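Observations on the three-dimensional arrangement
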Amino acid sequence: MKIHPIWLLLACLLLPAHASHAQTARPKVALVLGGGGAKGAAHVGVLRAIEQSGIRPDYVVGTSIGGIVGGLYCAGYSADEIEHLFRSQEWGSLLTDRVDSLSRRVWHEGEDGRAYVFGIPLPVRMGKDKRAEGTIRNLFESGKTGLLRGEQLSLLLDSMLRLRAVETFSQLPIPFRCVAVDVGSMEEVVLHGGSLAEAMRASMAIPGVFTPVRRDGHLLIDGGAINNLPVDVARGMGADIVIAVDLTQHQPKEKERDSKQWEALPDIPQLRWLLSRPDRKRYLANRRNADFYIHPDLTGYDAASFTPAKIDSMLQIGHRTGQEMLSALRTLKLQIEKPQ
């Protein structure tokens, strides 16, 4: 039977559209793991619940300890194996030699009466004193602002990830991103390739505790200084549904700050960050933007709670939180697998 060319043309035009409709991809799911030091033990319970539900995240994004847990998970480590890491004696020894410094705030006043930002003393006289400006810039850009070099943490991560070298973190079993901050400009840097261990270490370069990490022309510190719950980064990767695990216990309030009050100060990104606190507004927006917001109750624990007893307790809290979410996660699993 002879077919008229016009019908062949129509078939060619309609068939791809029909096939595309029939094969609509399922929604993409991202897991976002927030920062919080030792409180990251609670992430493990959520990972375990995700494994039990059968959901395999399409993307994982983490900040600080969330970057450590998320990077290991994306590289192929199970929740059980990551729990073993938290329980191991080696993990505690990575941080507890100066664990008291972990709980310091970014801004605090010392016994000498001077103000400190990221553990660095501010000059007594600020104003428009160019010498003061230069002093702060030099301190931050020297890369020597941390108390610990983080070599033990780097060695541990290198040993765990030595067989997982990739050009881009999208090549991992689960595509991964982690967040750090350029300490010179106080701008976010999303790490997406190169050494996975180095990226994870940079994301957890806690200001005033670990020395910053030099990478690709940046001097990087803990991503929590700008984006402690990076839901927006996950959306940027293409996530339709975001499961966010937030370890923050003291919820900040969103306040508008008058920028005129610091116009006379030197153009120092770190000082302007301190006065405007853009991380708070970003955090609140990201929290609202999560589809599944998981907030373990870790009252009484802080970023420095690395003792075995506290780690064990937070792991148990994480497990309970994960079990409470299991039914919702299984429902999500069914929803995302429905024919579209």
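What comes next is a walk through the structure. All figures in this text were calculated on a predicted structure; none of them were measured in a lab.

Thoughts on the overall build of the protein chain
Regarding its fold elements, the protein chain presents 12 helices and 13 strands. Expressed as a percentage of the 340 residues in the protein chain, the buried residues total 51%. Only carbon and sulfur atoms are counted for the fraction: they give 52% of the accessible area of the protein chain, which is about 17,100 Å².

Digging into the environment of T331
With respect to the secondary-structure elements, T331 resides in helix α12 (residues 308-336). We classify T331 as partly exposed; its relative accessible area is 38%. Spatially, the C-alpha atoms of T331 and S53 are 8.6 Å apart, while their sequence positions differ by 278 residues.

Overview of unusual backbone geometry
With a phi angle near 55 degrees, M186 is a residue other than glycine that sits in the positive phi range. Relative to the assigned elements, M186 resides in the loop between β7 (176-182) and β8 (187-191).

With respect to helix α10 (residues 269-276)
Of the residues making up α10, those classed as buried are P269, Q270, L271, W273 and L274. In the stretch just after α10, R277 is the one whose phi turns positive, near 45 degrees.

Quick word on the pairing of strand β11 (residues 218-222)
The element β11 is extensively covered by neighbouring structure, given that four of its five residues are classed as buried. Sheet analysis places β7 next to β11, joined by three bridges and oriented antiparallel. Across the sheet, D182 pairs through a bridge with L220, a residue of β11. Note: strand β10 (residues 213-215) against β11, three bridges, orientation antiparallel. Residue pairing in the sheet places R215 in a bridge with H218 of β11. As consecutive antiparallel partners, β10 and β11 are separated by two residues, and within that stretch D216 has a phi angle of approximately 50 degrees, a positive value.

Description of the packing of helix α2 (residues 43-53) against helix α4 (residues 79-87)
It is the contact of α2 with α4, at a shortest axis distance of 9 Å, that shows an interaxial angle of 165 degrees. With respect to α4, the axis of α2 lies roughly antiparallel. Judged by the sense of rotation from one axis to the other, the crossing of α2 with α4 is left-handed. Between α2 and α4, the residues in contact are V44, L47, R48 and E51 and A79, D80, I82, E83 and F86, respectively. When grouped by side-chain class, the residues that make up the contact of α2 with α4 number five nonpolar, no polar and four charged.

Structural notes on the nonpolar core
One finds L72, I82, F86, L161, F176 and L191 to be the most contacted residues of the largest nonpolar core, which totals 67 residues. Ranked by residues supplied to this core, first place goes to α12 with nine residues. In contact with I82, not counting residues within four places along its chain, are V44, L47, V69, L72, Y73 and Y77. L229, M237, A244 and L284 belong to the second-largest nonpolar core, a separate cluster that totals 16 residues.

Looking at the pairing of strand β12 (residues 241-245)
Most of β12 is tucked away: five of the five residues are buried. Alternating positions in β12 separate into two faces, I241, I243 and V245 on one and V242 and A244 on the other, with burial throughout. With five bridges connecting them, strand β1 (residues 29-33) and β12 associate as parallel partners. Each residue of the ladder has a partner; that of L31, found in β12, is I243. Sheet analysis places β12 next to strand β13 (residues 292-294), joined by three bridges and oriented parallel. The partner of V245 across the bridge, within β13, is I294.

Let's talk about the packing of α2 against α12
Running from amino to carboxyl end, α2 crosses α12 at an angle of 30 degrees, the nearest separation of the two axes being 7 Å. What the angle tells us is that α2 and α12 run roughly parallel. Relative to α12, α2 is oriented so that their crossing is right-handed. For the pair α2 and α12, contact is made by V44, G45, V46, R48, A49, I50, Q52 and S53 and by L315, G318, H319, G322, Q323, L326, L329, R330 and K333, respectively. In terms of residue class, the contact of α2 with α12 is made up of seven nonpolar, seven polar and three charged.

Side note on the pattern of salt bridges
For the coordinates displayed, the defined rule picks out 12 salt bridges. E83 is the partner of R87 in a salt bridge, and the nearest nitrogen-oxygen pair spans 2.9 Å. Residue R87 and its partner E83 are both found in helix α4; the two are separated by four residues, about one turn of the helix. If you follow the salt bridges from partner to partner, you end up with R48, D80, E83, R87 and D312 in one network.

How each quantity is defined
- Residues numbered from 1 in each chain as written.
- Predicted model: local features only at pLDDT ≥ 70, side-chain atom pairs only at ≥ 80, totals over all residues.
- Heavy atoms only, no water.
- Helix = DSSP H or I, 4+ residues; strand = E, 2+ residues; numbered from the N terminus.
- Buried < 20%, exposed > 50% of the residue type's maximum accessible area, 1.4 Å probe, protein only.
- Areas by Shrake-Rupley, 256 points an atom, 1.4 Å probe, with all protein chains shown as cover.
- Pairing = 2+ DSSP bridges.
- Axes fitted to C-alpha atoms, helices over the stretch in contact; angles between N-to-C directions.
- Parallel < 35°, antiparallel > 145°, perpendicular 65-115°, else oblique.
- Left-handed = near helix turned anticlockwise from the far one by under 90°.
- Contact = heavy atoms within 4.5 Å.
- Nonpolar A, V, L, I, M, F, W, Y, C, P; charged D, E, K, R; others polar.
- Core = buried A, V, L, I, M, F, W, Y, C linked by side-chain atoms within 4.5 Å.
- Salt bridge = Lys/Arg side-chain N within 4 Å of Asp/Glu carboxyl O.

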